[in-house]
2 protein chains.
Amino acid sequence: MRMLTVYLLCLSVLAHAQHPVAFATKADLLQLKGQLNRYPALTASYTDTKKMVDAWLGKEVDVPFPKDPAGGYTHERHKENYILMLNGGLLYNLTGDRRYALLVRDMLLKYAALNPGLGKHPQATSSSPGRIFWQALNDANWLVYAGLGYDLIQPMLTPAERKTIEQGAFKPEVDFITKDLESWFNLIHNHGVWACAGVGIVGIATDNADYVRMALHGTDGKSGYMVQLDELFSPDGYYTEGPYYVRYALLPFYLFANALNNARPELKIFEHRGRILRKALDAGLQQTNTDGRFFPVNDAIKEKDYTTNELVTAVNIAWDVYGKDEALLAIAARQGRVMLHTGGAGVAAALAAGKGAMAAYPYKTVEYGDGPKGNQGGISLLRSGTGSNLTSLFFKYASHGLSHGHYDRLGIFLYDQGNEVLADYGAVRFIGVEQKWGGRYLPENKTYAAQTIAHNTITVDETSHFKGKEADAEKNPGQKIFSDVKDPRIQVVAAKEEKAYDDVRLYRTVYFLQLPGASKPLLVDLFRTVSDNVHQYDLPFQYNGQLISTSFAYQSHTAQQQTLGKRNGYQFLWKEAEAILKDTMAQLTFLTGKTYYSVSTLTGDSAHIFFTRAGANDPNFNLRRVPSYIIRKRGTSKQFVSVVEIHGNYDPVGEFSGNAYSSVQDISLLREDGDYTIARIRIKGKELIVAQANKEYGAALRHSISAGGKPVEWTGPFGIWYEGKPLKN
Amino acid sequence: MRMLTVYLLCLSVLAHAQHPVAFATKADLLQLKGQLNRYPALTASYTDTKKMVDAWLGKEVDVPFPKDPAGGYTHERHKENYILMLNGGLLYNLTGDRRYALLVRDMLLKYAALNPGLGKHPQATSSSPGRIFWQALNDANWLVYAGLGYDLIQPMLTPAERKTIEQGAFKPEVDFITKDLESWFNLIHNHGVWACAGVGIVGIATDNADYVRMALHGTDGKSGYMVQLDELFSPDGYYTEGPYYVRYALLPFYLFANALNNARPELKIFEHRGRILRKALDAGLQQTNTDGRFFPVNDAIKEKDYTTNELVTAVNIAWDVYGKDEALLAIAARQGRVMLHTGGAGVAAALAAGKGAMAAYPYKTVEYGDGPKGNQGGISLLRSGTGSNLTSLFFKYASHGLSHGHYDRLGIFLYDQGNEVLADYGAVRFIGVEQKWGGRYLPENKTYAAQTIAHNTITVDETSHFKGKEADAEKNPGQKIFSDVKDPRIQVVAAKEEKAYDDVRLYRTVYFLQLPGASKPLLVDLFRTVSDNVHQYDLPFQYNGQLISTSFAYQSHTAQQQTLGKRNGYQFLWKEAEAILKDTMAQLTFLTGKTYYSVSTLTGDSAHIFFTRAGANDPNFNLRRVPSYIIRKRGTSKQFVSVVEIHGNYDPVGEFSGNAYSSVQDISLLREDGDYTIARIRIKGKELIVAQANKEYGAALRHSISAGGKPVEWTGPFGIWYEGKPLKN
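Below you will find a few notes about this structure. Keep in mind it's a predicted model, so treat the numbers as computed, not measured.

1. Quick word on the overall build of chain A
Scanning chain A from N- to C-terminus turns up 18 helices and 29 strands. Counting only C-alpha atoms and orienting by the principal axes, one finds that chain A spans roughly 90 × 55 × 50 Å. Considering chain A as a whole, with its 729 residues, one finds that 64% of them fall into the buried category. Taking the intrachain contacts of chain A between residues at least 6 apart in sequence as the baseline, contacts between residues at least 24 apart amount to 66%.

Rendered as structure tokens:
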């Protein structure tokens, strides 16, 4: 109760605004009311919401003293409560039935009684503890929804009730977040976005200009929402923590923007920075698989898709403020529900008009820079095919991605026909599952999933990039060397990482090629390491599927198994089998879904190959038992030339199998040095030549060299020939 | 060419019948022709078929000399060829376009040239080698389809062409199968069904009464199709090899019956044995999961579902001969295609009339005896819930199931909400994948998947039932003790296996209970072993999911792993962790899909628990890395009391988790001896008592005993009390 009295006089008050305003204005709600029965998706959402809230009418809603971590009773109760407050407030406005308002009022009054007495949550473990929940992030969620709920019933409250709720329910929480957790509140990070949105929405709901100011500009005037808009996204909308976290951040970004758009229209927040919120939504959606799941960049739970509340909210508001859009409609059709908002009504109307015959979301090749200026590395997402036949290659050379970043510079992953083919482990976390450490990130998230060896990129000397130090990784973003993705048949991206290790530089070029007559793209992957000293280089292919065959014999550890190493993620990998190969091409064929995939790699003078499986040193069974195929080379500078093919099909129901063998017959390096790499790949008797410059990348530069005794000439950073004819040179 | 001339004079000839007749009569085809454009599903099938065949018009179809195993070119070519012959023949009749007939004729003439010179296929490995294919079974497939195709174009052939084809294409194959492979031809087994159907259909197509006679009654007059109808099914339609193989056998059963129905209507084949073919179809369909997949009893590839050609054929013909049926229509709707047959037209018309609004297939609790008289043990399939919320418990105490049988007497498996929860490994086979031993059953199928430890039943002394000897297992079917499944809330089945081991008898009773107020059924599993000597008993729960928590501490093998044993399947299991527990209840909670499941087991005086994972001694990566939770007890007679709960839900998208903990607080045995077992289970503070008689099972018998100091009285083999009130007594 201390804070309540001490800070009472410090409040400055906004000009008393017309309420509701934060989620929707009175006019919006009136318009929405008239549409409720007109469009099936809107009607369904209204019915669902009403059913959910009606179940509580005439009942006491428990507002328990906080005790449990995520998944536990008090956690889940408070989560449901804040949703109930928003929905109750909406129904009050849409039906005029005072019982909804009283339900919300009574809950808020209970929070007004509870919150002032709260201390740090008993299950808090992080540096940003919550009070109602175990972490402050959830308290910020609460502020967002409780603030919206309050705003919706504010007009029917007595002045005394308003004061009680503002002072008892909100102020202790806002004070805690902005003062006790001031540095956390000012973070440029998804937590910070939630915190600012929560404080800002409560500020708008309670006419508190101070709150709104802190939300927009931080307590220090140099952070807050506006800086988050400017710094968390690149100019083209890439969110630095990756697509999994933009999903989460879009909700507070959009809900607060929606509130500001009503309460502070002069800010023109949706136009800010060239419509950055629209770009952020588009970039987030492009970074999903055809099944709607967000690509698992950095810490990411793979089940999350664009049917989440967060994306329904963002899509509906975007529709409202940025106008109709076929691409968004495709997403909305898959979401199958809308928000009780004018945007939701607009989407529902369009869905009804389209009668469900929506086009697929227009996935395309995209490249995004990272960082506020787009110059801190970035990602390339190369695509081929359409609809369910889409192939997506993700190449990551971005900056670290803040506290949820993984040490996977120059990592790739591949999706095809809806399936993950070359995988990224994602996060080790069972969100919301109390038994799994209260649903928090599990220890193996840092010790395995974030480590380099859990990704499809090179680990040097069994040590992760930047020795696994976040601060060092943050300071040094990856760098694109060049890319050329204009021609869908020849999509090429080169990037480098020169700081991840003291004396090793890493260069990777991915060639995503649609060869004449081929039905699927071919990936040619040139990964070079450059060093003056001898090192061990491990390049894994984390394949998601069933091993079908290899081109070589190997030793299998059949009766006893040991780990691949002792630290930096290696301790989690069982060695299932291994082989040492010299001067040959190593080929692995596996089956994912109903398609075969082959990885063919030039061993060079010697390569040690490991077949591993995650699950060692996992006493709590937190890891999935996923396989990896790791190519190890030792030396100073080394070249990994790999070809990844998508081929054939397998139909266990119809019992047909076709084209089950790799077409790659031979790989050789015609030249490899600091100036040039020239690789020759023989595919079904036909020759594919890939030549690249390793030093001079000028687009207009003419290269004229000799390789394999023949002259080779091309312009720009690379040249490609197939059956003797230039595909590009 | 030898056989061609030697046996030429031995042919007896049927009265020259009107052709076509084998697949359909001229009248049928005329009727079908008029319906082709009327019903979308039929139109689509017609269009697809026409597209497939039209691609070959004017082209030479290769009829290569046999060389490759399954998955290889010649195998796949011949497979496509026989389908092409049937489809070409159909299109000829449906369009009147002679080009289709000529296509089929030319292929048959090529086979007439090829077949006489064939010997054993170069890739043949089995005791029943093929000639066109690596195994005779595929040659039998060829006879079925080629026979149907021939019959459809027979009227347009010249007598010389007929003779060439009958003598060249068919006779060498029929002779090979009925003479060289005579004992195989006479087998009462799915191979035998195919063989008889092939020879019989060719007999009908070529008016060869000898062929038809051999097909119906075997070469010995004591086997063949009629005996197969009588002996492979129980009186209620259970197919002794299990549902995976009935799927395969239904095709020749139905196609030959369809041909006989046209050519030999006096046999009334579809009425035979109380409509056994109809019962067989229904029993096969009941033994599928809600996603249409056949339950993996015995050797079974889990992907196989009722959308296969085999089931489309059976469902369409059944519709034709047995009449309209809502249940079949539900299946047809999921199949999404029909056969070009009057049955297919009937189904398509019904689908069009129903506009896709079909009810779900009516899954229900079923029990089937095994064996021709239904007295060789059987299976019970207990069900609860409807639609996507169905729960299915499969309890197997059948006979061995011929050469594809597994050593899993008294085994169970559990499906819930479409997911496999307690799993049966199925078969180790990548059907059609040439690299995986030509698509054959892999060695691990016998050495692991068929062994007892791969199932959810007890292995004694690390030795499989019947020491893994098929002949012994065949001689001794399992036995049902009693069952009571009339009340959907209390479904109880008891069965025994007294011959699998020399001096150990096994008794298992499963109680599938719908407790008052519970949303999902509860499984109480009482598994007793009886012996005078000390043995080791292992009871696995092959859970398909992610381990969430255990009620006990265990030792994890974190840095080095060894196998659970050395033989009988144990050599394939890595020991991931283990624990020794005394006088307690061991509880495992895992997550499958979005639901939690808990297995609670009374340890008794001592139990050794193992967490294992398949994949040891698997140098070719043939096994899936599936986990198992194994409870080991040692002693003379032992009792395993386990409770399997379905509880809670997990939504990683919405981030909700509820009811994630087991409700079972305690299990105790109030009495356990040769006369009675009385178990007490405390669930959320409520008491569930299960009492069963172990010696006298009379339904009217009154038991009046004392347990835990209190009198317990009930009538019949078991009594159940919940919260002190009788659920059944």
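Moving on from the coordinates now.
2. Points about the environment of A:P40
All names here are of chain A. Locating P40 in the fold gives a position in helix α3 (residues 40-54). Judged by relative accessible area, P40 falls into the exposed class, the value being 56%. Spatially, the C-alpha atoms of P40 and L351 are 8.6 Å apart, while their sequence positions differ by 311 residues.

3. Observations regarding helix α15 (residues 326-335) of chain B
Residues and elements named next belong to chain B. Counted residue by residue, α15 has seven buried out of ten residues, so it is predominantly covered. The set of residues buried in α15 consists of A327, L328, L329, A330, I331, A332 and Q335. In this structure, the buried residues of α15 make contact with α13 (272-286), α14 (309-322) and α16 (342-354). The backbone nitrogen of A327 lies 2.6 Å from a side-chain oxygen of the residue at the head of α15, namely D325.

4. Concerning the interface of chain A and chain B
In this complex, chain A contributes 54 residues to the contact, which on the side of chain B involves 54 residues. Summed over both sides, the interface of chain A with chain B buries roughly 4800 Å², with 54% coming from carbon and sulfur. The largest contributions to the chain A side of the interface with chain B come from A:Q435, A:F621 and A:E655, which together make up 16% of the buried area. Remark: the boundary between chain A and chain B carries two salt bridges. On inspection of chain A and its partner chain B, the count reaches 24 residue pairs in polar contact (both at pLDDT 80 or more). Of all the secondary-structure elements, those providing two or more residues to the side of chain A that touches chain B are α4 (73-95), β12 (546-550), β14 (560-562), β15 (573-581), β18 (607-614) and β22 (656-658) of chain A. Residue composition of the side of chain A that touches chain B, by class: 20 nonpolar, 20 polar and 14 charged.

5. Notes on unusual backbone geometry
For the bond running from A:H19 to A:P20, omega is -5 degrees, close enough to zero to count as cis. Here A:P20 is to be found in the loop between α1 (2-6) and α2 (26-35). Residues other than glycine seldom take positive phi values, yet A:L410 does so here, at roughly 65 degrees. Note on A:L410: relative accessible area 0%, which makes it buried. Although it is not a glycine, B:F466 sits at a positive phi angle of roughly 55 degrees. Among the secondary structure elements, B:F466 is positioned in the loop between β6 (459-460) and α18 (470-475). Judged by relative accessible area, which is 4%, B:F466 ranks as buried.

6. Topic: the relation of the copies chain A and chain B
If you rotate chain A by 180 degrees and push it 0.0 Å along the axis, it lands on chain B with an RMSD of 0.1 Å. Taken together, the turn and the small shift mark the pair as related by a two-fold rotation axis. Residue A:Q561 of chain A places its C-alpha closer to the rotation axis than any other residue of that unit, at 2.5 Å. Both copies share a contact surface, since 100% of the interface residues of chain A are interface residues in chain B too.

7. Some details on the packing of aromatic side chains
Inspection of the entire model under this criterion finds 74 aromatic pairs over all chains. Aromatic pair A:F295 and A:F394: ring centres 5.9 Å apart, planes at 65 degrees, arrangement edge-to-face. Taken together, the positions of A:F295 in the loop between α13 (272-286) and α14 (309-322) and A:F394 in strand β3 (residues 391-397) put the pair 99 residues apart, joining distant regions of the chain. The interplanar angle of 45 degrees and the centroid separation of 5.4 Å between the aromatic rings of A:F621 and B:F611 together place this pair among those described as tilted. Here the residue A:F621 occupies a position in the loop between β18 and β19 (627-635), and B:F611 occupies one in strand β18 (residues 607-614), the pair thus bridging two chains.

8. Digging into the sheet that holds strand β10 (residues 522-530) of chain A
Residues and elements named next belong to chain A. Read from one edge of the open sheet, eight strands run β7-β8-β9-β10-β20-β17-β16-β12, paired in antiparallel fashion. Each end of this open sheet is capped by a strand with a single partner; those strands are β7 (479-487) and β12. Between one strand axis and the next, the sheet turns through 15 degrees on average, direction left out of account. Judged from the nine bridges that link them, strand β9 (residues 505-513) and β10 form a sheet pairing that is antiparallel. By the bridge assignment, Y507 is partnered in β10 with R528.

9. Regarding the side chain of B:Q561
Structurally, B:Q561 can be placed in strand β14 (residues 560-562). Side-chain polar atoms of B:Q561 contact the side chain of A:W574, separated by 3.5 Å. The residues contacting B:Q561, other than those within four sequence positions of it, are A:A559, A:Q560, A:Q561, A:W574, B:W574, B:K575 and B:E576.

10. Side note on the pattern of salt bridges
For the coordinates displayed, the defined rule picks out 76 salt bridges over all chains. B:E498 is the salt-bridge partner of B:K496, the closest N and O atoms lying 4.0 Å from each other. Taking relative accessible area as the criterion, B:E498 reaches 27% and is therefore assigned partly exposed. The structure contains a network of salt bridges with shared partners spanning A:E576, A:R613, B:D618 and B:R625.

11. Focus on the sheet that holds β3(A)
All names here are of chain A. If you trace the five strands from one edge of the open sheet to the other, you get β1-β2-β3-β4-β5, paired in antiparallel fashion. Looking at strand neighbours, the two that pair on one side only are β1 (366-369) and β5 (419-422), the edges of this open sheet. Across the sheet, the mean angle from the axis of one strand to that of its neighbour is 15 degrees, orientation sign disregarded. Across three bridges, the pairing between strand β4 (residues 411-416) and β5 is antiparallel. Looking across to β5, one finds that L414 is bridged to L422. Together, β1 and β2 (378-384) form the strand contacts of α13, whose direction differs from that of β1 by roughly 125 degrees.

12. Things to note about the packing of α3(A) against helix α16 (residues 342-354) of chain A
All names here are of chain A. Relative orientation of the contacting elements α3 and α16 amounts to 130 degrees, with a least axis distance of 7 Å. If you check the angle between α3 and α16, you find them oblique. Contacts from P40, A41 and L42 of α3 reach α16 at G344, A345, A348, L351 and A352. When its residues are assigned to classes, the contact of α3 with α16 shows seven nonpolar, one polar and no charged.

What counts and what doesn't
By convention here, each chain's residues receive numbers from 1 onward along its written sequence. Working convention: letters from A go to chains and numbers from 1 go to ligands, in the order in which they are written. This being a predicted model, a pLDDT of at least 70 is required before a residue's local features are given, and a value of 80 or more before pairs of side-chain atoms are given or counted; all residues contribute to the totals for chains, interfaces and linings. With hydrogens and water excluded, all non-hydrogen atoms of the structure serve as input to the side-chain values. Helix and strand definitions here come from DSSP, where helices need a minimum of 4 consecutive H or I residues and strands a minimum of 2 consecutive E residues; each element is numbered from the N-terminal end. For every residue, the accessible area (1.4 Å probe, protein chains only) is compared with the maximum for its type, and the residue is labelled buried under 20%, exposed over 50%, or partly exposed between those bounds. Throughout, a residue-residue contact means that at least one pair of heavy atoms, one from each residue, lies within 4.5 Å. The term polar contact refers here to a pair of N or O atoms within 3.5 Å; inside protein, the definition further demands a hydrogen-donor-capable atom paired with an acceptor-capable atom, and it admits residues adjacent in sequence only when both atoms are side-chain atoms. Once two parts are joined, some of their accessible surface, as seen by a 1.4 Å probe, is lost; buried area is that loss totalled over both. Any Lys or Arg side-chain nitrogen located within 4 Å of an Asp or Glu carboxyl oxygen qualifies as a salt bridge. Only Asp, Glu, Lys and Arg are considered charged, only Ala, Val, Leu, Ile, Met, Phe, Trp, Tyr, Cys and Pro nonpolar, and every remaining residue, Gly among them, polar. Least squares is the method used to superpose the copies, on C-alpha atoms of residues holding a pLDDT of at least 70 in both. Stacked, tilted and edge-to-face pairs are distinguished by plane angle, under 30 degrees for stacked and over 60 for edge-to-face with tilted covering the rest, among Phe, Tyr and Trp rings (Trp via its six-membered ring) whose centres lie within 6.5 Å. DSSP calls a pair of strands paired once it identifies at least 2 bridges connecting them. Think of each axis as a best-fit line through the C-alpha atoms, taken over the contacting stretch in the case of a helix, with angles from 0 to 180 degrees between the N-to-C directions. Oblique is the label for any angle not covered by the other classes, which are roughly parallel (under 35 degrees), roughly antiparallel (over 145) and roughly perpendicular (65 to 115).

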